[in-house]
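Residues per chain are reported as follows:
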Amino acid sequence: MSTPPAERKPLPFVANFAAGAIAGISEILTFYPLDVVKTRMQLETGKTSQGVVGSFKTIIKEEGFGRLYRGLVPPLLMEAPKRATKFAANDFWGKRFLNLTGEKKMTQGLAVATGCAAGVTESFVVVPFELVKIKLQDKSSTFAGPMAVVKQVVQKEGLLGLYAGMEATMWRHLWWNGGYFGCIFQVRSLLPKAETSNARLMNDLIAGTVGGLVIKSRIQGSSKVPGVVPKYNWTYPALVTIFREEGPAALYKGFVPKVMRLAPGGGVLLLVVEFTLGLFRQALGPPYI
């Protein structure tokens, strides 16, 4: 017989970490080509010449189908620790905020604050991997592979060069995770109460899907020249530069493929996480179930 939800013992940190890792790998293998198209559109200066479908056709025609998976190794290596950190940090900060506020259960405000804190934590893991991925996805890239990117960046800019775009990534993950986990909390509260495990998984898929930026790609995609101040260096000045030179529409380059990935991708993430956590509960038995 299962333990009532209110009395169930929280799963250990390692279970949340492993579930996040499995979910991250599942999501990246499914939606990676959309990420390549998004990055190409964001790195293109001036007016975008083609949309999502046109970008897909051009890449396949000129560079081959395999190009849609170029740069896959860094995000594959990144997704396990990235998603594991996202969900484990959300669980960690959730418990800390509950203790600090004296609340007995999660509220909408706490869900947003917990997500924001998890996003900042996640950004420290993400940046070096995303920098390598973006440089490999660039159409003009001549790097032989991930280690060639790392070697050149470290030689020219030092180890801190791997954290170019940290500020922009931190802001992106702070707002995104706050909105993601905040939306999940709100949508879950509005959905009918699930009576079966399949119904709970469907609710998680819906909540994650509903919950589910050009600046970061520009900063990480640009090359640095000694003694020259980079054109795209800090988030908000870069916003102003792109807005002034290319217009407001340039700030939304890659928006369509990003949304096409984020909405179902967010649903897949939460679905796989909750399904995996359910398996862990069953394997560990009472008082976890």
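The structure contained in this document is the topic of the report that follows. (Residues numbered from 1 in each chain as written. Predicted model: local features only at pLDDT ≥ 70, side-chain atom pairs only at ≥ 80, totals over all residues. Heavy atoms only, no water.)

## A closer look at the overall build of the protein
Scanning the protein from terminus to terminus reveals 10 helices and 0 strands. For the protein, the sequential pattern of α-helices and β-strands runs α-α-α-α-α-α-α-α-α-α. Taking all 289 residues of the protein together, 45% fall into the buried category. Entry remark: accessible area of the protein is about 14800 Å², with carbon and sulfur atoms responsible for 68%. (Helix = DSSP H or I, 4+ residues; strand = E, 2+ residues; numbered from the N terminus. Buried < 20%, exposed > 50% of the residue type's maximum accessible area, 1.4 Å probe, protein only. Areas by Shrake-Rupley, 256 points an atom, 1.4 Å probe, with all protein chains shown as cover.)

## With respect to the pattern of salt bridges
One pass over the full model with this rule turns up 4 salt bridges. Note that Glu63 and Arg67 form a salt bridge whose closest N and O atoms lie 2.9 Å from each other. Using a relative accessible area of 27% as the deciding quantity, one classes Glu63 as partly exposed. The partner of Lys95 in a salt bridge is Asp91, and the shortest N-O contact between them spans 3.2 Å. Taken together, the positions of Lys95 and Asp91, both in helix α3 (residues 73–101) and 4 residues apart, correspond to about one turn of that helix. The partly exposed category is assigned to Lys95, whose relative accessible area is 32%. (Salt bridge = Lys/Arg side-chain N within 4 Å of Asp/Glu carboxyl O.)

## Things to note about unusual backbone geometry
Going from Pro286 to Pro287, the amide bond is cis rather than trans, its omega being 5°. Assignment of secondary structure puts Pro287 in the segment after α10 (255–284).

## Digging into the packing of aromatic side chains
Scanning all chains against the criterion turns up 7 aromatic pairs. An angle of 80° between the planes, with centres 5.1 Å apart, marks the rings of Phe92 and Trp93 as edge-to-face. Accessibility expressed as a relative area gives 32% for Phe92, which makes it partly exposed. One aromatic cluster is present, built from ring pairs that chain together Tyr32, Phe65 and Tyr69. (Phe/Tyr/Trp six-rings, centres within 6.5 Å; stacked < 30°, edge-to-face > 60°.)

## What about the packing of helix α4 (residues 108–137) against helix α5 (residues 146–157)?
Contact geometry of α4 with α5 gives a least axis separation of 9 Å together with a crossing angle of 110°. Here α4 lies roughly perpendicular to α5, going by the angle between them. α5 is crossed by α4, and the crossing has right-handed handedness. Contact residues: α4 offers Leu131, Val132, Lys135 and Leu136, while α5 offers Pro146, Val149, Val150 and Val153. Residue composition of the contact of α4 with α5, grouped by class: 7 nonpolar, no polar and 1 charged. (Axes fitted to C-alpha atoms, helices over the stretch in contact; angles between N-to-C directions. Parallel < 35°, antiparallel > 145°, perpendicular 65-115°, else oblique. Left-handed = near helix turned anticlockwise from the far one by under 90°. Contact = heavy atoms within 4.5 Å. Nonpolar A, V, L, I, M, F, W, Y, C, P; charged D, E, K, R; others polar.)

Remember, this is a structural readout, not a statement about activity or role.
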